[in-house]
Amino acid sequence: MPDAPPVRLRPLTDADAPAAEQLWADRFGGAPDTRRKWMEAALDPAHSATATVAVAPHDAVVGVSFLEVGNRRYTHQYLGLEALDVDVSLASRNGLFHLTCVQADWEDRGVGTAFYERRLEQLADRNVPCAFGIAWHRPAPVGSRVLFEKHDFTRIATVEHYYARTSTRPHCPACEGPCTCTASLYARPLASPRTQ
């Protein structure tokens with residue numbers, strides 16, 4: 001088993017938000033208003049969205065990861081199923097592994113794995129029966145597909161031009177103009193909800 005990453009994981013704070021948003025913009029792109037909405041939701045204790053940051057020993061944010069719990073309708077919309085010919089069985093409450101970004105020089109050091117393990121723990125604590133995620137096929141040797149599969153998610157579909165088919169993702173680091181990248185959808189049943 002690899003050593004623990006040389007970072008500390010903690011909930012996103014207001015002070016972290018600018019660095020986390022810049023990391024998201026640099027590594028994934030997307031619309032600025034989408035980034036701001038996710039930051040605001042994760043910072044609102046009344047909202048079901050959460051965000052975790054990875055902080056290096058020198059207190060710099062080197063990674064950010066988001067999690068949401070959505071009902072069946074929200075999950076259907078989030079996954080973009082209305083635009084796809086994919087049949088997915090959804091629960092009444094679903095964990096959504098949203099974006100995870102790690103600075104390039106911190107990749108392959110266990111930070112992504114720590115984020116995935118933290119999110120699975122959070123869903124178990126919230127008695128959520130299943131989890132879903134979207135893995136961008138980014139032009140890099142390591143991507144989220146590896147992490148989903150390492151954590152026992154099953155690929156339910158690979159969709160060519162996913163981002164062009166489901167919505168406009170401006171400022172993709174891999175595309176000129178709106179994103180036309182491929183993505184895979186992943187699912188994982190979680191342990192049976194805990195009895196109270």
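So, a few notes on the structure that sits alongside this text. Predicted, not measured: the structure shown is a model, and the values here were computed from it.

1. Section: the sheet that holds strand 3 (residues 61-71)
Working definition: the strands of a sheet are paired by backbone hydrogen bonds and lie parallel or antiparallel to each other.
Next, step 1: Strand order in the open sheet formed by seven strands is 1-2-3-4-5-7-6, and the pairing between neighbours is mixed. Two strands in the sheet have a free side with no partner beyond their single neighbour: strand 1 (8-11) and strand 6 (154-159). Across the sheet, the mean angle from the axis of one strand to that of its neighbour is 20°, orientation sign disregarded.
Next, step 2: Strand direction decides the pairing type here: strand 4 (residues 93-102) and strand 5 (residues 130-136), joined by four bridges, are parallel. Within strand 5, the residue paired with Asn-94 across the bridge is Cys-130.
Next, step 3: Along the sheet, helix 1 (residues 17-27) contacts strand 3, strand 4 and strand 5; its crossing angle with strand 4, the most-contacted strand, is approximately 85°.

2. Thoughts on the environment of Asp-14
Next, step 1: Locating Asp-14 in the fold gives a position in the loop between strand 1 and helix 1.
Next, step 2: Given a relative accessible area of 61%, Asp-14 falls into the exposed group.
Next, step 3: Asp-14 sits 139 residues away from Phe-153 along the chain, and the two C-alpha atoms are 32 Å apart.

3. Side note on the packing of aromatic side chains
Next, step 1: Across all of its chains, the model carries twelve aromatic pairs by this definition.
Next, step 2: Both rings, one in Phe-28 and one in Trp-136, keep their centres 5.4 Å apart while their planes meet at 90°; by these two values the pair is edge-to-face. Of the two residues, Phe-28 sits in the loop between helix 1 and helix 2 (32-43) while Trp-136 sits in strand 5, which places them 108 residues apart along the sequence.
Next, step 3: The exposure class of Trp-136 is buried, given its relative accessible area of 8%.
Next, step 4: Pairwise contacts between aromatic rings join Phe-97, Tyr-116, Phe-148, Phe-153 and Tyr-186 into one cluster.
Next, step 5: Of note, Arg-169 hangs over the ring of Tyr-163, and the distance from its end group to the ring centre comes to 4.6 Å.

4. Here's the deal with the pattern of salt bridges
Oppositely charged side chains are able to pair whenever their charged atoms sit close together.
Next, step 1: Within this structure, the stated rule accounts for six salt bridges.
Next, step 2: Close ionic contact of Glu-21 with Arg-36 constitutes a salt bridge, the shortest N to O distance being 3.9 Å. Placement of the pair is Glu-21 in helix 1 and Arg-36 in helix 2, with a sequence separation of 15 residues.
Next, step 3: Three or more residues joined by partner-sharing salt bridges are found here, namely Glu-21, Arg-35 and Arg-36.

5. With respect to helix 3 (residues 72-79)
Next, step 1: Those residues of helix 3 that fall on the buried side of the exposure criterion are Thr-75, Tyr-78 and Leu-79. One side of helix 3 holds all its buried residues, which, seen down the axis, span an arc of 90°. Turned more than 90 degrees off the buried face of helix 3, the exposed positions are Arg-73 and Gln-77.
Next, step 2: Its buried side turned inward, helix 3 meets helix 2, strand 3, strand 4, strand 5, helix 6 (162-166) and strand 7 (183-189).
Next, step 3: Here helix 3 starts with a cap whose side-chain oxygen sits 3.2 Å from the backbone nitrogen of Arg-73, and that cap is Asn-71.
Next, step 4: Directly beyond the C-terminal end of helix 3, a positive phi value near 75° is found at Gly-80.

Rules used in this analysis
- For every chain, the first residue of the written sequence is number 1, and numbering continues from 1 onward in sequence order.
- Given that the model is predicted, a residue must reach a pLDDT of at least 70 before its local features are reported, and side-chain atom pairs must reach 80 or more before they are shown or counted; all residues, however, enter totals for whole chains, interfaces and linings.
- The basis for every side-chain value is the complete set of non-hydrogen atoms in the structure, without hydrogens or water.
- Strand pairing is assigned whenever DSSP detects at least two bridges linking the two strands.
- Working definition: helices are DSSP H or I runs of at least four residues, strands are E runs of at least two. Numbering for both runs from the N terminus.
- To obtain an axis, a line is fitted to C-alpha atoms, over the contacting stretch when the element is a helix, and the angle between two such axes runs from 0 to 180 degrees between their N-to-C directions.
- Whether two residues are in contact is decided by their heavy atoms, any of which lying within 4.5 Å being enough.
- Categorising residues by exposure relies on relative accessible area from a 1.4 Å probe, with only protein chains included: less than 20% of the type maximum marks a residue as buried, more than 50% marks it as exposed, and the intermediate range marks it as partly exposed.
- Two rings from Phe, Tyr or Trp (for Trp, the six-membered ring) form a pair when their centres are within 6.5 Å of each other. A pair whose planes differ by under 30 degrees is stacked, one over 60 is edge-to-face, and the rest are tilted.
- Two thresholds decide whether a charge sits over a ring: the Lys NZ or Arg CZ must be within 6 Å of the ring centre and within 35 degrees of the ring normal.
- Definition used for salt bridges: Asp or Glu carboxyl oxygen within 4 Å of a side-chain nitrogen of Lys or Arg.
- Throughout, the arc means that of the directions going from the helix axis to the C-beta atoms.
- Pairs of N or O atoms are called polar contacts if they sit within 3.5 Å, as long as, within protein, a hydrogen donor faces a hydrogen acceptor (for residues adjacent in sequence, only side-chain-to-side-chain pairs).

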